[in-house]
Protein chains: 2
Amino acid sequence: MKRDLQPDPNDLIATEIDHLRELLAQGQGKRARRLLKKMHPAKIASLLETLTPAQRVAAWHQVEARTEDKVRAHLSATLRARLARDLEIEAAAESDPDSRHLDGPPEDEPETQLRLVLEALEEGKLKRIARLFRKLHPARIAGLLESLPATERAAAWDMIDGERTAKVLRHLQEEVRRRLAAEMDLDHLVEAARGLEPDDLVDLIQDLPMATGRQILEAMDRRERERLQSMLSYPEDSAGGLMNMDQIAVRANIRVGTLLRYLRLREDLPPNTDKFFVIDRKQHYQGVLRTRRVLTARPETLVSELMETDFEPVPADQPSDAVARRFEEEDLSSAPVVDADGRLLGRITVDDVVDVIREQAAHAIMGMAGLDEETDMFAPVLASSRRRAVWLGINLITAFLAAWVIGLFEGTLQQVVALAVLMPIVASMGGIAGSQTLTLVIRGLATGQLGGGNTRILLLKEAGIGLLNGLLWALVVAALAILWFGDWAIGGIIAVAILLNLLCAALSGVAIPLLMRRFGIDPALAGSVVLTTVTDIVGFFAFLGLATVVLL
Amino acid sequence: MKRDLQPDPNDLIATEIDHLRELLAQGQGKRARRLLKKMHPAKIASLLETLTPAQRVAAWHQVEARTEDKVRAHLSATLRARLARDLEIEAAAESDPDSRHLDGPPEDEPETQLRLVLEALEEGKLKRIARLFRKLHPARIAGLLESLPATERAAAWDMIDGERTAKVLRHLQEEVRRRLAAEMDLDHLVEAARGLEPDDLVDLIQDLPMATGRQILEAMDRRERERLQSMLSYPEDSAGGLMNMDQIAVRANIRVGTLLRYLRLREDLPPNTDKFFVIDRKQHYQGVLRTRRVLTARPETLVSELMETDFEPVPADQPSDAVARRFEEEDLSSAPVVDADGRLLGRITVDDVVDVIREQAAHAIMGMAGLDEETDMFAPVLASSRRRAVWLGINLITAFLAAWVIGLFEGTLQQVVALAVLMPIVASMGGIAGSQTLTLVIRGLATGQLGGGNTRILLLKEAGIGLLNGLLWALVVAALAILWFGDWAIGGIIAVAILLNLLCAALSGVAIPLLMRRFGIDPALAGSVVLTTVTDIVGFFAFLGLATVVLL
């Protein structure tokens, strides 16, 4: 039909109203929402005028939080009042304590909040989410968004007030942030970006496609843009990538009274300001002045009398895990960041360090299951499948290696089928013992407590444990095997195999991560695959090999 | 010999000198150290007088840092000067850049420091450790001590200056701290305890044997003791166990100028003081007053004008992980702790929260390998073996369960030995896929993002991934199996078994941790054992069962 290609505007509104009415009647909130999202606020307002009160409230639920005010401005005064009253009545009915959640946990429980959001999404009452979000801390909203699957997440995302978008964005984890940012239109994204602190904005830009990142940068004023560009020049996981530029720098030759007058003019200080930084004329870092010293000093005291010159600044290229370790060891709240010439560039605050520590921990745990990249629990099935397939593929290679070793002894297995029954036990015990040692060593490497002379001591200790536990479990398994199959030879063979495998597991548990690190591979990621390959192969080979020699 | 039972004092000194001289000549530093440790400072001094200069320096290296000054006081003036000179000469020779570590990394690298300590221990030059320790932050010293095996650790421990013992103790991890504290004599322990902040002291007392803890408490003054006892009444992993009592509380009706005068009298504030807490006459918490507001306010302003009344205090019985999450979400530096009646009890600071987060992360990682209790990398072999044996024993039960399933199909295996070769592949792929899902779910539970309605959505997503990856790897494995054994039936059987096992792995990966949590078991600890038991059993049963039906 030609009319569809070049539609008459009035006709189109009529068609859209019909379509919308139909969607609302069918409870198709999602599609109504998508339709409304693309419409101009004035058009939405004129649409609302034509709807019945019930339809109007239902449609209103699907309007984005950030266009709400604009739509309202286009409504006639009577309709505006009418809509407000209808919404109030609905809200009152919903929050009636008799009608819902009588026995449930209170509303400040994360689980209850999540249930509220999911229910609201299902019933198409999206303004209920907006009401909940208004009461919550941005970090909590971010947590709720991360708990939602992709489409539901987008719907809930639209219910965040315009000015809080940036704060929520800041608290979202990388993958979720990237996915939501990719769906936002540029204006919205730039608006949100303006509300972010420089370090978070730099993170966001690094996550976005190049072109989008550049467009955001271009929308900033020149000074801000130059700042951001200089921060973007440092790797994300370095002090330069962690720092903010909201520090307060003072000169050593001013008096506390002068500083206090200046601070009063500022009216507020950036969060986590426990120190001011003392610099010279050429921006060179000279020391720190703790706010608590300012609070307790007389106004006539000079900054130079109160400053500490032995507080080491953080070099901008220091890796973020070293920064985190220092913050943790010295219980810091903030620290100055300097360039190679000792010029003050910015500061790192403890809240960003806490994030680094959390991310490291998540990385370590997820990495062990090959899930390093999968931070979004509700990533699309296809994306998740693809990422996990890699890990399964690597594992398949090692499984086939183990199978190949078993295959070498097909003849033996054919004659003594009990060996096939018992052989997984040998491999499994080795794998568990080895992973214990491996975990300990990986942790030692991560905390910097292993290396520089004590690895030999640890190796001996682990070998000792392997020997003791090897002897213990060799005897237990041998006894059970003899009871089961009534064959003393098999008992002896499995005992020796287990002892050998546990010793080998201890040695590989120490050696594998150390070797991997020397070759620049993260042992937390691939260590356990390599280790179980070794313990499987050694276990099967020792057990079936011994059996071939002894029994045949 | 009777003389040994009732020795003549002079004879004994003579014997001891001979013995010591012998030990030093043989390079037996450790035994010399143990001997000196038990001697009175005056006696050590008189011993030193009788030694040759070289012996004297060697013996001096073995003297504890905390008795150094006392021994020195008992030495004659000439000898004291002589010893000082000899030590200086030695120190100068050691720090001579030509003689050592020319190409090595700088001395502020943890690995270099560790190597220095180990070398010093080996050569018996313990004062070198004392010199290094004097330059290091207590947290770094703690890290070095944790990197040492038990006997070496005790020797290095004795080289810490008396007044820094407490600070190092505070930074040590629980197990190491307990072990070192157990070896300290009570006087030394009480002296160190006095230097600890209340929250750390409470941790220490909770770690020590009851009797020792009570003795430390009794050595405190009454006010301090009552404080500690009230803190000890809260569980270690609750807000009450985390808090300190160094908060500064103010009344709402005073002026900023008055507060500043009070602060000047104090001269310094506790670390991480970003807020003062406002209380009423009866100690009820009313709100917070941020230090940055004080810095930027005029002196005549009332506290009530600047305070924030909407800052929620932390209930003393709140679990520490909830406290950590709030600090992280709201980027807090400190927060007030109140009792059930809203009375201010103390405050929690971000440095303790960082420790909680690190401990949780370590717990999660170590727990997966059954190493939950093993925080000391250099725990004695026997203690480590015993703890790890438990985990191996649990694993053995599951391994025997799997073996029992294989045993059901002995007849089939006897006829088609290729099955024995391929069966570990089916189990292994299921185990890996399941642990991916399990890790994701455990993390979701830990962050509070799973539960309350979205588990069903996750289950469907994981099942979808299991189906996709199951189909993919079923085909790959089938193709490889057909190539290997030239048997189409085996290929078909292994394909179906892998698909089934991956689907089952996805479902168990979601269901097992949820069920465990319902029964109050930590899924991070036992989840993977239960999961691999399921995937092993399902894998073997599906593969061998299908083969029995199809091939026989």
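Residues numbered from 1 in each chain as written. Chains lettered and ligands numbered in written order. Predicted model: local features only at pLDDT ≥ 70, side-chain atom pairs only at ≥ 80, totals over all residues. Heavy atoms only, no water.

### Details of the overall build of chain A
Next, step 1: If you tally the helices and strands in chain A, you get 28 helices and six strands.
Next, step 2: In terms of overall dimensions, chain A is more spread out than a globule: its C-alpha atoms have a radius of gyration of 32 Å, far above the 24 Å expected for 552 residues.
Next, step 3: Overall, the C-alpha framework of chain A stretches about 95 × 75 × 55 Å when taken along its three principal axes.
Next, step 4: Counting across all 552 residues of chain A, residues that qualify as buried make up 55%. (Helix = DSSP H or I, 4+ residues; strand = E, 2+ residues; numbered from the N terminus. Rg over C-alpha atoms; globule rule 2.2 N^0.38 Å. Buried < 20%, exposed > 50% of the residue type's maximum accessible area, 1.4 Å probe, protein only.)

### Some thoughts on the packing of helix α25 (residues 418–446) of chain A against helix α23 (residues 381–407) of chain B
Next, step 1: One can describe the packing of α25 of chain A onto α23 of chain B by two numbers: an axis separation of 9 Å at closest approach and a directional angle of 155°. The angle between α25 of chain A and α23 of chain B places the two elements in the roughly antiparallel class. For the pair α25 of chain A and α23 of chain B, the sense of crossing is right-handed. Contacts from A420, V421, P424, I425, S428, M429, I432, A433, Q436, T437 and L440 of chain A in α25 of chain A reach R388, W391, L392, N395, L396, A399, F400, A403, I406 and G407 of chain B in α23 of chain B.
Next, step 2: Partitioned by chemical class, the residues of the contact of α25 of chain A with α23 of chain B number 15 nonpolar, five polar and one charged. (Axes fitted to C-alpha atoms, helices over the stretch in contact; angles between N-to-C directions. Parallel < 35°, antiparallel > 145°, perpendicular 65-115°, else oblique. Left-handed = near helix turned anticlockwise from the far one by under 90°. Contact = heavy atoms within 4.5 Å. Nonpolar A, V, L, I, M, F, W, Y, C, P; charged D, E, K, R; others polar.)

### Examining the UniProt feature "transmembrane region" (unreviewed entry) in chain A
All names here are of chain A.
Next, step 1: Under the UniProt annotation, "transmembrane region" (unreviewed entry) lies at residues 389–409, 415–442, 463–486, 492–516 and 528–551.
Next, step 2: The span residues 415–442 is 93% helical and 0% strand by assignment, and the distance between its end C-alpha atoms comes to 42 Å.
Next, step 3: Along residues 492–516, the helical share is 100% and the strand share 0%, with 35 Å between the first and last C-alpha atoms. (UniProt positions renumbered as here; feature names shortened; annotations may be inferred.)

### Some remarks on the domain arrangement of chain A
Frequently, the measure chosen for interface size is the accessible area that the parts lose on association.
Next, step 1: As far as domains go, chain A holds domain 1 (249–351) and domain 2 (381–551).
Next, step 2: On a C-alpha basis, the centres of domain 1 of chain A and domain 2 of chain A stand 52 Å from each other. (Domains from an automatic or database assignment.)

### Focus: helix α7 (residues 110–123) of chain A
Next, step 1: Helix length check: α7 of chain A (14 residues) gives 20 Å between terminal C-alpha atoms against 20 Å at 1.5 Å per residue, within 8%.
Next, step 2: Those residues of α7 of chain A lying buried are T112, Q113, L114, L116, V117, L118, A120 and L121 of chain A.
Next, step 3: Next to the buried residues of α7 of chain A lie α8 (126–135), α9 (138–146) and α10 (150–157) of chain A together with α26 (455–485) of chain B.
Next, step 4: Within two residues after α7 of chain A, G124 of chain A carries a phi angle of roughly 75°, on the positive side. (Expected span 1.5 Å × (residues − 1).)

### Notes on the sheet that holds strand β2 (residues 275–279) of chain B
All names here are of chain B.
Next, step 1: Strand order across the open sheet formed by three strands is β1-β2-β3, with mixed pairing between neighbours. Edge positions in the open sheet fall to β1 (249–250) and β3 (285–290), since each of these has one partner strand only.
Next, step 2: Sheet analysis places β1 next to β2, joined by two bridges and oriented parallel. Bridge pairing in β2 links A249 to F277. (Pairing = 2+ DSSP bridges.)

### Overview of the layout of surface pockets
Next, step 1: The space that makes up the second largest pocket amounts to roughly 560 Å³.
Next, step 2: Lining the second largest pocket are 28 residues, with E119, L121, E122, E123 and G124 of chain B positioned closest to its centre.
Next, step 3: For the lining of the second largest pocket, the secondary structure elements donating two or more residues are α26 (455–485) of chain A together with α1 (9–25), α2 (29–37), α4 (53–60), α7 (110–123) and α10 (150–157) of chain B.
Next, step 4: When residues of the lining of the second largest pocket are assigned to their parent elements, the largest contribution, six residues, is made by α7 of chain B.
Next, step 5: Its residues assigned to classes, the lining of the second largest pocket shows 10 nonpolar, eight polar and 10 charged. (1 Å grid on protein atoms, 1.4 Å probe; cavity = no way out; pocket = protein on both sides within 12 Å on 5 of 7 lines; lining within 4 Å. Points joined across faces, edges and corners; volume = space filled by probe spheres on them.)

### Here's the deal with a nonpolar patch on the surface
Next, step 1: Taken together, the side chains of I397, L401, W404, L408 and F541 of chain A together with W484 of chain B present a nonpolar region at the surface, about 620 Å² in accessible area.
Next, step 2: Ranked by residues supplied to the nonpolar patch, first place goes to helix α23 (residues 381–407) of chain A with three residues.
Next, step 3: Of the residues examined, W484 of chain B reaches a relative accessible area of 33% and is grouped as partly exposed. (Patch = residues over 30% accessible without salt bridge, like charges linked within 9 Å, V, L, I, M, F, W, Y side chains within 5 Å. Areas by Shrake-Rupley, 256 points an atom, 1.4 Å probe, with all protein chains shown as cover. Salt bridge = Lys/Arg side-chain N within 4 Å of Asp/Glu carboxyl O.)

### Let's talk about the pattern of salt bridges
Next, step 1: Tallied over the entire structure, the rule returns 64 salt bridges over all chains.
Next, step 2: Put simply, R170 of chain B and D351 of chain B hold a salt bridge, and the shortest N to O gap is 3.3 Å. You can see R170 of chain B sitting in helix α11 (residues 165–171) and its partner D351 of chain B sitting in helix α22 (residues 350–368), a full 181 residues away along the chain. With respect to class, R170 of chain B is no different from D351 of chain B; both count as buried.
Next, step 3: Taken together, the shared-partner salt bridges connect R170, D200, D351, D352 and D355 of chain A together with D331 of chain B into one network.

### Some thoughts on unusual backbone geometry
All names here are of chain B.
Next, step 1: If you check the backbone angles, N272 has positive phi at about 55° while not being a glycine.
Next, step 2: Tracing the backbone through its elements, the reader meets N272 in the loop between α18 (256–266) and β2.
Next, step 3: For N272, a relative accessible area of 11% corresponds to the buried category.
Next, step 4: Phi is positive for D331, which is not a glycine, with a value near 50°.
Next, step 5: Relative to the helices and strands, D331 resides in the loop between α21 (320–330) and β5 (334–338).

### So, empty space enclosed by the protein
Next, step 1: If you walk through the whole model with that rule in mind, you get 11 cavities of 30 Å³ or more.
Next, step 2: Of the voids in this model, the largest cavity is the one considered here, and its volume is about 1300 Å³.
Next, step 3: Listed by contribution, the elements that provide at least two residues to the lining of the largest cavity are α23, α25 and α28 (523–551) of chain A together with α22, α23, α25 (418–446) and α28 (523–551) of chain B.

### Structural notes on the relation of the copies chain B and chain A
Next, step 1: Turning chain B through 180° and shifting it by 0.0 Å along the axis lays it on chain A, with an RMSD of 0.1 Å. Look at the turn and shift together and you get a two-fold axis relating the two.
Next, step 2: The residues that chain B uses at the interface reappear at the interface of chain A in 100% of cases, marking a shared surface. (Least-squares fit on C-alpha atoms with pLDDT ≥ 70 in both.)

### Remarks on a negative patch on the surface
Residues and elements named next belong to chain A.
Next, step 1: A cluster of acidic residues, E174, E236, D237, D321 and E359, forms a negative patch at the surface.
Next, step 2: With respect to the element layout, D237 can be found in the loop between α16 (222–232) and α17 (239–242).
Next, step 3: Given the relative accessible area of 51%, D237 is considered exposed. (Lys, Arg positive; Asp, Glu negative; His and termini not counted. Charge placed at Lys NZ, Arg CZ, Asp CG, Glu CD.)

### As for the sheet that holds strand β3 (residues 285–290) of chain A
All names here are of chain A.
Next, step 1: The mixed open sheet is built from three strands, whose spatial order is β1-β2-β3. The sheet is open, and its two edges are formed by β1 (249–250) and β3, each paired on a single side.
Next, step 2: Sheet analysis places strand β2 (residues 275–279) next to β3, joined by five bridges and oriented antiparallel. Paired with K275 across the strands is R290, a residue of β3.

### Comments concerning the packing of aromatic side chains
Next, step 1: Going through the model one piece at a time under the given rule, you end up with six aromatic pairs over all chains.
Next, step 2: Considering the side-chain rings of F400 of chain A and W484 of chain B, the 6.2 Å spacing of their centres and the 40° angle between planes classify their relative orientation as tilted. Separated into two different chains, F400 of chain A in helix α23 and W484 of chain B in helix α26 make up a pair that spans both.
Next, step 3: Its relative accessible area of 15% is what places F400 of chain A among the buried residues.
Next, step 4: When the ring of W484 of chain B is compared with that of F485 of chain B, the centres are 4.9 Å apart and the planes differ by 20°; the resulting orientation is stacked.
Next, step 5: Three or more aromatic residues joined by ring pairs form one cluster here, namely F400 of chain A together with W484 and F485 of chain B.
Next, step 6: Over the ring of W60 of chain A we find K127 of chain A, and its NZ or CZ is 5.9 Å from the ring centre.
Next, step 7: Seen from the ring of F311 of chain B, R326 of chain B lies directly overhead, with NZ or CZ sitting 5.0 Å from the centre. (Phe/Tyr/Trp six-rings, centres within 6.5 Å; stacked < 30°, edge-to-face > 60°. Lys NZ or Arg CZ within 6 Å of the ring centre and 35° of its normal.)

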